[in-house]
Amino acid sequence: MFDLTGRTAFITGAGQGLGAQIARTLSEQGAAVILNDLFAERADAVAAELNAAGGKAVTAIADISDLEALKAAKNDAESEIGSGVDILVNNAGIPAGGMALEKFLDTDPTTWHRQVDLNGYGTFNTCYVIMPGMIDRGWGRIVTIVSEGGRIGDPGIAVYGAAKAMGMAFMKSLANEYSRFGVNCNSISLGTFGAPGAFSEEMQAKMARNYATKRLGTWTDIAPAVLWLVSEEAGWVTGQTVPVNGGYATS
Ligand SMILES: NC(=O)c1ccc[n+]([C@@H]2O[C@H](COP(=O)([O-])OP(=O)(O)OC[C@H]3O[C@@H](n4cnc5c(N)ncnc54)[C@H](O)[C@@H]3O)[C@@H](O)[C@H]2O)c1
């Protein structure tokens, strides 16, 4: 099960963090991978790692909120890898430079567009340039990474949460429009996670109180859920928001 041999995956924000781990997992299952990121050096390092491990990986450097730059990078990467994209993972979602925890009325209005450009327009753009090929070939899988912060409505991240909710709603409508052509569209809604050892013991203990599992997540808690949703075996799963959250919320 979950064999991706012969499939090509395009993963946004794949130069580090969860995106790089998703690329590792899909590559291990046989997919060729196109690694998008803003930063060439990050994506190059992940491509080198995957190619050294026997996979097939190329990069597509572009800001996904720039439709023309994205289209050019995607076309070049498809030519380089020799096949069209079957799997799209919309993973990039934290603007370069990070984000602050602050109540809405304390936010600077000139920063709001960064979230909407990345999580709204970025997702519209990738789907706009990649879905036509999926529909032509009669098979596709799209997974958008969203956040429990947006699904539940956590305080301190209202604009980020709202921008994530755009991606969630967008997947549902695309599912209703295009699943009949073999293109399934879902979201995965995440609780807080980090690289192994990313959180101090004190921070981990404080935050983990809110989780049924009494721990925060790791990349390897999440990438297998992405693998399931992009596989042949998830053919009857579409239009869903799947929480992968350590029990942060139970509905
Ligand atoms: N970290 C968490 O606790 C958490 C919780 C819930 C959801 N999420 C979501 O998980 C996803 C991955 O998070 P992460 O912590 O691994 O992120 P990260 O910040 O570690 O890595 C994201 C990568 O995306 C790239 N990127 C940023 N803007 C881009 C753009 N415009 N175009 C192309 N690439 C761009 C960055 O250069 C970076 O390499 C995001 O969608 C995030 O919102 C994270």
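To keep things clear, this report deals only with the structure shown in the data block. Please read all numbers here as calculations on a predicted model, not as lab measurements. Residue numbering note: each chain is counted from 1, following its sequence as written. Local features are withheld for residues below a pLDDT of 70 in this predicted model, meaning they are given only at 70 or higher, and side-chain atom pairs are given and counted only at 80 or more; totals for whole chains, interfaces and linings count all residues. In computing side-chain properties, one takes all heavy atoms of the structure into account and sets aside hydrogens as well as water.

### Examining the overall build of the protein
A helix here means a DSSP run of H or I that spans at least four residues, while a strand means a run of E at least two residues long, and both kinds are numbered starting from the N terminus. When helices and strands are counted, the protein shows eight helices and nine strands. Computation of the radius of gyration draws on C-alpha atoms alone. For the globule rule, the value is 2.2 Å times the number of residues to the power 0.38. The C-alpha radius of gyration of the protein comes to 17 Å, within 12% of the 18 Å expected for a compact globule of 251 residues. Residue exposure (1.4 Å probe, protein chains only): buried if accessible area is under 20% of the type maximum, exposed if over 50%, otherwise partly exposed. When burial is assessed residue by residue, the protein has 49% of its 251 residues classed as buried. Contacts are residue-level and defined by heavy atoms, with any inter-residue pair within 4.5 Å sufficient. Within the protein, residue pairs in contact and separated by at least 24 positions form 74% of the contacts whose partners lie at least 6 positions apart. Carbon and sulfur atoms provide 55% of the accessible area of the protein, an area that totals close to 11700 Å². Residues scored as charged are limited to Lys and Arg (positive) and Asp and Glu (negative), so that His and the chain ends carry no count. In plain terms, the charge of a residue is placed at NZ if it is Lys, CZ if Arg, CG if Asp and CD if Glu. Taking the average location of the 18 positive side-chain charges in the protein and that of its 26 negative ones, the two points are 7 Å from each other. Computed with a 1.4 Å probe, the accessible areas rest on the Shrake-Rupley method; for each residue, only the protein chains presented here act as cover.

### Observations regarding the site of the ligand
Note on definitions. A residue lies near a molecule or strand when any single heavy atom of the residue is within 4 Å of it. Neighbouring the ligand are 26 residues; Leu18, Asp37, Asn91, Tyr160 and Lys164 lie closest to it. One of the backbone N or O atoms of Ile64 is found 3.2 Å from a nitrogen atom in the ligand. Polar contacts, as counted here, are pairs of nitrogen or oxygen atoms within 3.5 Å of one another; within protein the pair requires one atom able to donate a hydrogen and one able to accept it, and residues that are adjacent in sequence qualify only if both atoms are side-chain atoms. In this structure, Tyr160 approaches the ligand through a side-chain N or O atom, which is 2.6 Å from an oxygen atom. When the ligand is considered free in solution it has 850 Å² of accessible area, and contact with the protein chains removes 89% of it. If one sorts the elements of the shell around the ligand by residue count, strand 5 (residues 140-147) sits on top with three residues. When residues are sorted by character, Ala, Val, Leu, Ile, Met, Phe, Trp, Tyr, Cys and Pro go into the nonpolar class, Asp, Glu, Lys and Arg into the charged class, and all the rest, Gly among them, into the polar class. Here the residues of the shell around the ligand are counted per class, giving 13 nonpolar, nine polar and four charged.

### So, the layout of surface pockets
Think of a 1 Å grid over the protein atoms and nothing else: a 1.4 Å probe that fits but is trapped marks a cavity, an open set flanked by protein within 12 Å on at least five of seven lines marks a pocket, and residues with an atom within 4 Å of a point count as lining. Grid points are joined across faces, edges and corners, and a volume is the space filled by probe spheres set on the points. There is about 1600 Å³ of room inside the largest pocket. For the largest pocket, the lining is made up of 49 residues, of which Gly93, Ile94, Met99, Tyr160 and Phe193 are closest to its centre. Residues of the lining of the largest pocket, tallied by class, amount to 26 nonpolar, 15 polar and eight charged. Along its surface, the second largest pocket is lined by 16 residues, and Ala100, Glu102, Thr107, Thr111 and Gln115 are the ones closest to its centre.

### Describing the nonpolar core
As a rule of thumb, nonpolar side chains are buried together in soluble globular proteins. Think of a nonpolar core as a cluster: buried Ala, Val, Leu, Ile, Met, Phe, Trp, Tyr and Cys residues, connected wherever their side-chain atoms sit within 4.5 Å. Judged by nonpolar contacts, the single largest core of 35 residues is most densely connected at Ile22, Leu26, Val33, Leu35, Val89, Ile145 and Ile188. Looking at this core element by element, the count peaks at seven residues for helix 8 (residues 219-230). When neighbours within four sequence positions are excluded, Val89 is seen to be in contact with Phe10, Ile11, Thr12, Ile22, Leu26, Val143, Ile145, Val226 and Val230. Formed by 25 residues, the second largest nonpolar core is a distinct cluster that contains Ala73, Ile81, Cys127 and Cys185.

### With respect to the environment of Gly15
Looking at the secondary structure, you find Gly15 in the loop between strand 1 (8-11) and helix 1 (17-28). For Gly15, a relative accessible area of 10% translates into the label buried. In the structure, Gly15 is positioned 138 residues away from Gly153 in sequence and 28 Å away in space, judged by C-alpha atoms. Each residue touching Gly15, except ones within four places of it in the same chain, is listed here: Ala20, Asn36, Asp37, Arg42, Ala43 and Val46.

### Focus: unusual backbone geometry
Although it is not a glycine, Phe2 adopts a positive phi angle of roughly 65 degrees. By relative accessible area, which is 26% here, Phe2 ends up partly exposed. Non-glycine residue Lys214 carries a positive phi angle of around 60 degrees.

### Quick word on a nonpolar patch on the surface
On the surface, a cluster of nonpolar side chains totalling about 350 Å² of accessible area is made up of Phe104, Leu105 and Trp112. Checked against the element boundaries, Trp112 lands in helix 4 (residues 112-137). Here, patches come from residues exposed beyond 30% relative accessible area and free of salt bridges, joined within 9 Å for like charges and within 5 Å for nonpolar side chains (Val, Leu, Ile, Met, Phe, Trp, Tyr). Take a side-chain nitrogen of Lys or Arg and a carboxyl oxygen of Asp or Glu: if they are within 4 Å of each other, that pair is a salt bridge.

### Section: the pattern of salt bridges
By the definition in use, this model includes seven salt bridges. As a salt-bridge pair, Glu49 and Arg24 come within 2.6 Å of each other at their nearest N and O atoms. Placement of Glu49 in helix 2 (residues 40-52) and of Arg24 in helix 1 is noted, with a sequence separation of 25 residues between them. Between Asp86 and Arg137 there is a salt bridge whose closest N-O contact spans 3.8 Å. Separated by 51 residues along the polypeptide, Asp86 in the loop between helix 3 (67-81) and strand 4 (87-90) and Arg137 in helix 4 bring together distant segments of the chain. Judged by its relative accessible area of 44%, Arg137 is partly exposed.

### Brief notes about the packing of aromatic side chains
Here is the rule: rings of Phe, Tyr and Trp (six-membered ring for Trp) pair when centre to centre is within 6.5 Å. Planes less than 30 degrees apart are stacked, more than 60 are edge-to-face, and the remainder are tilted. Using the criterion set out here, one finds five aromatic pairs in the structure. Ring centres of Phe104 and Trp112 lie 5.3 Å apart, and the angle between their planes is 25 degrees; this geometry places the pair in the stacked category. Taken together, the ring pairs in this structure connect Tyr121, Phe124 and Phe170 into an aromatic cluster.

None of the figures reported here should be taken as evidence of function without further support.
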